[in-house]
Amino acid sequence: MKWLNINPIVLILINILAPSMYIFVNGSYLQVFLAIFCSALLCLMGQFKKLAYFAILYAAMYGIYLLGFSVEFFRFMSGFFAVLLQFVPCLMLASIVVSKYSSTQLLSALEGIHLPRVLVVATTVTLKYFPTFRREFKYILESMRLRGIAFTWKKPIESFRYFIVPQLFRCAALAEEVTAAGLVKGIDAPVRRTSYFELKFRFTDSLVLCIFAAGIIGGYIWAA
Amino acid sequence: MGSMIKAKDLSFTYEDSDEGIKDVDFEIEAGEVVLITGNSGCGKSTLLRCLNGLIPAVTEGELKGSLNVAGKDAKDLKMHELNMELGSVFQNPRSQFFTDNTTSELVFPMENYGFSKEEMDVKVAQLKKDYMLDDLMDRNIFSLSSGERQMLALACARTMGQRVLLFDEPSANLDYGNAMRLGRLIERMKKQGLTIIVADHRFYYLDGIIDKALFMDNGNLKVFNSEEEFKSSGYNTRSFDIFSIDTGFHNKSLSGERVAGLNGVSYKDIIKDVSLDLHKGEITVIVGNNGAGKTTLAKLFSKSIKPDSGKIDVKELPFFIMQDPDYQLFGTSVFNELTLVKNDPSRIEECLKYLNLYEYKDAHPFELSGGQKQRLQIGMAMLCDKDVIIFDEPTSGLDVSSMERVSGEICRLGEKSAVMVISHDYEFIRNVADRIVYLKDGYIKEDFLLNEENLEKLNNIFHELEKERKDEKTQD
Amino acid sequence: MRKLKIKDIIMVALLTAVYLVFYLISGMSSMVFGAFGHAISPGVCGLLGGCVLYFMSRKIGKFGQFTILTAIIMLVFSLMGAGYLPWLITSMIAAVIADFIASKDNKVGVWKVAVASGIMHVGQAWGAIVPSWFFVESYKKEWIERGQTPEDMEAMAAMTQGIMGVLATVVVFALAFAGVYLGYLILRKHFKEN
């Protein structure tokens, strides 16, 4: 059987909406519905390993949550795990989004919903430099060590200063170069941006969204 | 063949600096290879920025005169229109890419210009063929070698079908082999009728393919209409054949105290059974291709990494100046930066005067130019009083006159300390080296003193490095 | 009002990348403190990232800087499937308010930037706090059915809603406020401010 391919926009959208739906819908209904809905999606997409992993996580957390009702010791944690449990189904979808697509592809896919061009370009830059800077912070620490001003908790503020200052000033210098590189690549062209990785919105994608919406509305009517 | 670019009385003055260009006139025909050269601060990058529209779009100042590109007045063209005609390849590999994935990068301009998916597919296939990108698709840009990055940058600059290419100091971040490879590529594109404009102060890789040289001096332009005319002019054009330079030899008697050493050291698959001693008063240059293990060697000396086997013998942590100065400047001013090394105002003052940086003593280190930053670091090395000083590619991104200054200063450091330099800059090596260590695939292949009789050995190493690049290309 | 140019936006994007590194560090370090840590993690982030915001207000100082920074963060998290509607709303509203307070020019008082940062981070924290009010309401009935006494339930609700909410807000604001002053302390000499 061919596994289902779902447009990542659908998954992202569900994740944005789902966890706050208990404002309208009964909490335990939502919890059950989301768990079933997301597990079903993972099954259809052939992600059984992920599903098993999350099932164990879910069971463990649910166990602690239930323990909270009978064992005094767990009472305080119970509420916290009740909150965390809500997020497990979304975590399942998020793990698929992150493992299957690169951030640039996702951003590009998201252009289907007409994001402002400025925001797309800026986020592209952020996505590129986030890993770069993470790497470069290691270089800075190394160079602090070699300069004999290694990071120390004895002088936290001074150490923090040495750590952050080179990177901030580099950003200011980089801004000009990156702008130049962007302008010669047409970031200011007054046409609608297209996307190489844009994924077509298929029938199955709409179907998944409809089922999700039906589940929420159903829960709302049922609770009322 | 018609006129592609025509400048008449083109002038530009910066808001906050005297540099700029004055009444520049020239014409570039379609299909020409044009070199823009001159010393740093002469205005060649200003001229280039006028051509690709960054002046006046980004840089503020006063622009006068006229510039025509492909028959249109540049004033009437917006950035995005101008860049449909001109493709730009910048110098800094860190800032010229917008994404972290090669495929995303290649399609980025086309997305901006609103191409359809089908158009992009056609174009990507074409570029893949023209620039041998098959192995480079869908990879993390960070994982590419400098040569591969150059190819990608080149392909990106042609995504819109640009017929004119502008290069900003391509040799600054390329080793000898890759620069020669770029030269061959430019020759090929010239045959395809493309117009190529290169602004660079090193041009050995363009020997025999230049149609026109624009020589900038203090904002003024002198046009040479052929390579011969340029070569026979008074300007120092020895850079066409880097092997012909004559720097003399140090011929020091090397009997300094041994201050650091590796003994039978191996590290992963990178360094294999290397033994190397460093002596006071000696400048040792490590050469070898990317991936030969040069930087790893430096990291072993500075104890950033531990060897799998063998012994490292260093009395104290060496002063290690890494490639990019930007990570290594922590001070609030140039003066303050040096006090972090040694709080001795009179020595710092003396040092700044020697380095010609005294007038910048209150400036923020990040306000300095690339060459000045590099020299500030040399100042730190002078003050640190350490026995061992290590430089990783100290001349990358520097122009010839900055390189020569840095050479002189490193030579002076080498009088007192043991200096180890990693470099692929031939001219620089000829200026500073007492001893050459050739690293290949993690082994020391050769280790000799640089003198008249051994010069041939050094030249052969460079020919070998270039040949490796050629083999790489035929594999593509 | 000075308008953001392309170069300013690119600089905001770069600084956001630095800020996100701190976001990651603070997210991980607050996990040690469990539920409460989760609620104040925006504050820890504000403490570390204050220098980034201060640097931005000095180098750019134009209306929209906080909004764009926040919008990029929201978009990045949404891309990873971690977007969350109430959080997106409260964060964006707070960012716009921050812009009204401290984006007049690049010379606004340090305290204004500090207040802006405080509000911006409280906005992010509220994204987690406000929905929890509804959340506990939604569960109250079930928990009582399962044998909890209504009194116990009220105590727990008060814990999550009242004390946690108020405490977290105050702590987050204070940390973020302090973060900007930390940034000022660190960068003062670099900007030659006294």
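The rules behind these values
Residues numbered from 1 in each chain as written. Chains lettered and ligands numbered in written order. Predicted model: local features only at pLDDT ≥ 70, side-chain atom pairs only at ≥ 80, totals over all residues. Axes fitted to C-alpha atoms, helices over the stretch in contact; angles between N-to-C directions. Helix = DSSP H or I, 4+ residues; strand = E, 2+ residues; numbered from the N terminus. Parallel < 35°, antiparallel > 145°, perpendicular 65-115°, else oblique. Contact = placed C-beta atoms within 7 Å. Nonpolar A, V, L, I, M, F, W, Y, C, P; charged D, E, K, R; others polar. Buried ≥ 20, exposed ≤ 12 C-beta atoms within 10 Å, placed from the backbone. Pairing = 2+ DSSP bridges. Domains from an automatic or database assignment. Expected span 1.5 Å × (residues − 1).

## Observations regarding the packing of helix α12 (residues 370–383) of chain B against helix α13 (residues 400–416) of chain B
Two quantities define a packed helix pair, namely the angle between the axes and the distance from one axis to the other.
Residues and elements named next belong to chain B.
Then, in step 1: Contact geometry for α12 and α13: axes closest at 10 Å, N-to-C directions at 5°. In terms of axis orientation, α12 runs roughly parallel to α13. Along its contact with α12, which presents Gly371, Gln374, Arg375, Ile378, Ala381 and Met382, the element α13 presents Ser402, Arg405, Val406, Glu409, Ile410 and Leu413.
Then, in step 2: Taken together, the residues of the contact of α12 with α13 sort by class into 6 nonpolar, 3 polar and 3 charged.

## Focus on unusual backbone geometry
Residue and element names in this part refer to chain B.
Then, in step 1: Proline 56 follows isoleucine 55 through a cis peptide bond whose omega is 10°.
Then, in step 2: Even without being a glycine, aspartate 23 presents a positive backbone phi close to 40°.
Then, in step 3: On the secondary structure map, aspartate 23 appears in strand β2 (residues 20–29).
Then, in step 4: Taking the C-beta count within 10 Å as the criterion, aspartate 23 has 14 such neighbours and is therefore assigned partly exposed.

## Points about the interface of chain A and chain B
Then, in step 1: Taken together, the contact pairs 41 residues of chain A with 40 residues of chain B.
Then, in step 2: Where the side of chain A that touches chain B is concerned, the elements lending two or more residues are α6 (117–146) and α7 (156–183) of chain A.
Then, in step 3: At 15 residues, α7 of chain A tops the list of elements feeding residues into the side of chain A that touches chain B.
Then, in step 4: Of the residues belonging to the side of chain A that touches chain B, the class tally is 21 nonpolar, 9 polar and 11 charged.

## Some details on the sheet that holds strand β12 (residues 271–279) of chain B
All names here are of chain B.
Then, in step 1: Read across the sheet, 3 strands follow the order β12-β11-β14 without closing on themselves; strand pairing throughout is antiparallel. Edge positions in the sheet fall to β12 and β14 (309–314), since each has one partner strand and no second. Within the sheet, the average angular offset between the axes of one strand and its neighbour, ignoring direction, is 10°.
Then, in step 2: When strand β11 (residues 258–267) meets β12, the two strands line up antiparallel, connected through 6 bridges. The residue of β12 that forms the bridge with glycine 261 is aspartate 277.

## Observations concerning the sheet that holds strand β3 (residues 33–37) of chain B
Residue and element names in this part refer to chain B.
Then, in step 1: Within the open sheet, the 6 strands sit side by side as β6-β7-β8-β3-β9-β10. Their pairing is mixed. Either end of the sheet is taken by a strand with one partner, and the two such strands are β6 (86–89) and β10 (220–224). Averaged over all neighbouring strand pairs, the angle between strand axes comes to 15°, with direction disregarded.
Then, in step 2: Bridge count between β6 and strand β7 (residues 164–168): 4 bridges; the pairing is parallel. Its bridge partner being in β7, valine 89 is matched across the sheet by phenylalanine 167.

## Some remarks on the interface of chain A and chain C
It is common to report an interface's size as the accessible area lost on association of the parts.
Then, in step 1: Taken together, the contact between chain A and chain C spans 54 residues of the former and 49 residues of the latter.
Then, in step 2: Of all elements in the fold, only α1 (8–17), α2 (27–44), α4 (75–100), α5 (103–110), α6 and α7 of chain A reach the threshold of two or more residues within the side of chain A that touches chain C.
Then, in step 3: At 15 residues, α7 of chain A tops the list of elements feeding residues into the side of chain A that touches chain C.
Then, in step 4: Looking at the side of chain A that touches chain C, its residues break down into 38 nonpolar, 12 polar and 4 charged.

## Considering the pairing of strand β1 (residues 3–14) of chain B
All names here are of chain B.
Then, in step 1: Two elements, β1 and β2, share 7 bridges in a ladder whose sense is antiparallel. Among the inter-strand pairings, alanine 7 is bridged to a residue of β2, identified as phenylalanine 26.
Then, in step 2: Taken together, β1 and the strand that follows it, β2, pair antiparallel across an intervening segment of 5 residues.
Then, in step 3: Across 8 bridges, β1 lies against strand β4 (residues 61–69) in antiparallel orientation. Bridge pairing in β4 places lysine 8 opposite serine 66.

## Examining the domain arrangement of chain B
Residues and elements named next belong to chain B.
Then, in step 1: We note that the domain assignment places domain 1 (3–240) and domain 2 (258–475) within chain B.
Then, in step 2: Taking only C-alpha atoms, the centre of domain 1 and the centre of domain 2 are 31 Å apart.
Then, in step 3: Elements represented by at least two residues in the side of domain 1 that touches domain 2 include exactly α6 (146–156) and α7 (176–191).
Then, in step 4: Among the elements that make up the side of domain 1 that touches domain 2, the one with the highest residue count is α7 (5 residues).

## Here's the deal with the pairing of strand β18 (residues 435–440) of chain B
Residues and elements named next belong to chain B.
Then, in step 1: Burial runs high along β18: 5 of the 6 residues are buried.
Then, in step 2: Judged from the 4 bridges that link them, strand β13 (residues 282–287) and β18 form a sheet pairing that is parallel. Residue valine 285 lies in a different strand from β18, and its bridge partner there is isoleucine 436.
Then, in step 3: Hairpin connection between β18 and strand β19 (residues 443–449): a loop of 2 residues separates the two successive antiparallel strands, and aspartate 441 in this loop has a positive phi of roughly 50°.

## Some remarks on α2 of chain A
All names here are of chain A.
Then, in step 1: Taking 1.5 Å per residue as the helical rise, α2 with its 18 residues ought to reach 26 Å, and the 26 Å between its terminal C-alpha atoms agrees with that figure.
Then, in step 2: Taken together, the buried positions of α2 are occupied by Gly27, Leu30, Gln31, Phe33, Leu34, Cys38, Leu41 and Leu42.
Then, in step 3: Phi for glycine 46, located one or two positions after α2, is positive at around 75°.

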